[in-house]
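Chain and residue survey
Below are the chains, spelled out letter by letter.
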Amino acid sequence: MGPKAIDEGEDLLSHYGIFVLIYKLSTLKTCSGLSLQTQELTAIVLAVRISCSPVIGYNVHTVLDIAAFVATAWVIYMMRFKLYKSYNEHLDKTPKSYLLIPCAIMAVFVHPNSVIPLFSKMKWAFGVYLEAIVVFPQLRMMQRTKMIEPFTAHYVFALGVSRFFGAAYWILRVYESTEAYLFLLGRGYFWVPMVLVSEAVQTFILADFCYYYVKSIVSSNLLVKVPQV
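Residues numbered from 1 in each chain as written. Predicted model: local features only at pLDDT ≥ 70, side-chain atom pairs only at ≥ 80, totals over all residues. Heavy atoms only, no water.

Going by an unreviewed UniProt entry, the protein chain carries the name ER lumen protein-retaining receptor and comes from Lactuca virosa. Quoted straight from UniProt, the Subcellular location (unreviewed entry) entry for the protein chain says "Endoplasmic reticulum membrane". What the UniProt record of the protein chain gives under Sequence similarities (unreviewed entry) is the line "Belongs to the ERD2 family." (UniProt positions renumbered as here; feature names shortened; annotations may be inferred.)

1. Some remarks on the overall build of the protein chain
On a plain count of helices and strands, the protein chain comes out with nine helices and two strands. When the helices and strands of the protein chain are placed in sequence order, the string is α-α-α-α-α-α-β-α-α-α-β. Counting all 229 residues of the protein chain, 45% fall into the buried class. Within the protein chain, contacts between residues at least 6 apart in sequence are counted, and of these 80% link residues at least 24 apart. For the protein chain, the exposed surface amounts to about 12000 Å²; the carbon and sulfur share of it is 70%. (Helix = DSSP H or I, 4+ residues; strand = E, 2+ residues; numbered from the N terminus. Buried < 20%, exposed > 50% of the residue type's maximum accessible area, 1.4 Å probe, protein only. Contact = heavy atoms within 4.5 Å. Areas by Shrake-Rupley, 256 points an atom, 1.4 Å probe, with all protein chains shown as cover.)

2. Here's the deal with the packing of aromatic side chains
All told, the structure shown has three aromatic pairs when counted by the stated rule. Look at Y23 and F151: their rings are 5.4 Å apart centre to centre, the planes differ by 45°, and that puts the pair in the tilted class. With Y23 in helix 1 (residues 3-28) and F151 in helix 7 (residues 150-176), this pair connects stretches of sequence that are 128 residues apart. On the numbers, 5.7 Å between centres and 55° between planes, the contact of Y84 with Y87 is tilted. (Phe/Tyr/Trp six-rings, centres within 6.5 Å; stacked < 30°, edge-to-face > 60°.)

3. As for the nonpolar core
Counting residues in hydrophobic clusters, the biggest one holds 42 residues, and the most contacted among them are Y129, L130 and L139. At the level of elements, helix 1, helix 2 (36-56), helix 3 (60-82), helix 4 (97-109), helix 5 (118-133), helix 6 (136-145), helix 7 and helix 9 (191-218) are the ones that each hand at least two residues to this core. Sorting elements by how many residues they give to this core places helix 9 first, with seven residues. Excluding residues that lie within four positions of it along the chain, L130 makes contacts with L41, I44, V45, L99, L100 and C103. (Core = buried A, V, L, I, M, F, W, Y, C linked by side-chain atoms within 4.5 Å.)

4. Side note on unusual backbone geometry
Although it is not a glycine, K29 adopts a positive phi angle of roughly 55°. Following the sequence through the fold, K29 ends up in the loop between helix 1 and helix 2.

This is how it looks when you write it as structure tokens:
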């Protein structure tokens, strides 16, 4: 399986996760167990990537990002207004500033070495770093809940597997361009290592949940039990 196929698989799984959310909110009429913080951070990541498209170039990923942004905006609207009574706000306590500020600082100092304008490079790097930890509020909320209903579990599992694909994509990219990568390292170029670290962080954050998800599926449990920390 090449990098292109892995990249397509990552996109497919990410959009499957969004579809699961839309199905849950539109049919069950509840947003219980979902983190509004994670959805708003996801919208920020998508907005940043879309805003970089005029400089970096339009492609199929731009269309997918726009579709994902519209769907995420709808989820946020439903959680904030239509289904707010079922939102577990007291469990969704991770301040967004704790995640946004460190990502912005890192983006200023470590960003792609390309010909696009500096601000666009910083924006792109910010989106990569934030995407690595965007699911953290959702996981913290689930740890406080301890019992996760099926649709929320399916959504987070789809995110987890998509991040595994994302990490594999970058590893293969580096493997297939070893000489160029080593040349960049020799120049003190830290962007590619930081991308790999970001992908590793996402994989590590979601690996624990994916383990309990698979364990619950194997034992035919509808609810996923997550240990409290």
